[in-house]
Amino acid sequence: MRSQLLSAGTLVAAGVLAFSLAGDQADASPGKSCLRFRDLTNLSKVDDKTLIAHTRSSRKYVVKMRHACRDFGQPGNYYTVRLQSDTECFDRDDVLVFRYGGACFVESVTPAPQKAPS
């Protein structure tokens, strides 16, 4: 009985490990790069529908908004990001919610093209 419980416990632990590794790999699958919210340091405005996300590792991502986000960049109108967990990807359908009202919905997040060294 004890060996069966030990075997069952080992299988459960292996399954949990496999699912957690699969989740990390799904985020980094070919053609998809995950900007984890916990790595996001700030956003800067390119135009009303495009922002650049800066990360701790100096990587940049292009953030396209669903509609014009005119509230972004107004003095004192700070934003918060509405998502479920700081370990998830910052991507489609996340929301920037502003202090003085207004919300902007993210359409897509893609890695910014790397500049060629000159």
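The present account deals with the structure reproduced in this document.

About the criteria used
- Residues numbered from 1 in each chain as written.
- Predicted model: local features only at pLDDT ≥ 70, side-chain atom pairs only at ≥ 80, totals over all residues.
- Heavy atoms only, no water.
- Pairing = 2+ DSSP bridges.
- Helix = DSSP H or I, 4+ residues; strand = E, 2+ residues; numbered from the N terminus.
- Axes fitted to C-alpha atoms, helices over the stretch in contact; angles between N-to-C directions.
- Salt bridge = Lys/Arg side-chain N within 4 Å of Asp/Glu carboxyl O.
- Buried < 20%, exposed > 50% of the residue type's maximum accessible area, 1.4 Å probe, protein only.

Remarks on the sheet that holds strand E1 (residues 40-47)
Next, step 1: Strand order in this open sheet of 6 strands is E1-E2-E3-E6-E5-E4, and the pairing throughout is antiparallel. What marks the edges here is a single partner per strand, and that holds for E1 and strand E4 (79-82). Between one strand axis and the next, the sheet turns by 35° as a mean value, whatever way the strands run.
Next, step 2: When strand E5 (residues 95-98) meets strand E6 (residues 103-111), the two strands line up antiparallel, connected through 3 bridges.

Details of the pattern of salt bridges
Next, step 1: For the structure shown, the criterion picks out 5 salt bridges.
Next, step 2: Between aspartate 48 and arginine 70 there is a salt bridge, with its nearest N and O atoms 3.4 Å apart. Here aspartate 48 is found in the loop between E1 and strand E2 (50-55), whereas its partner arginine 70 is found in the loop between strand E3 (60-65) and E4, with 22 residues between them in sequence.
Next, step 3: What makes arginine 70 exposed here is its relative accessible area of 57%.
Next, step 4: A cluster of three or more residues bridged by salt bridges with shared partners is formed by Arg66, Arg92, Asp93 and Glu107.

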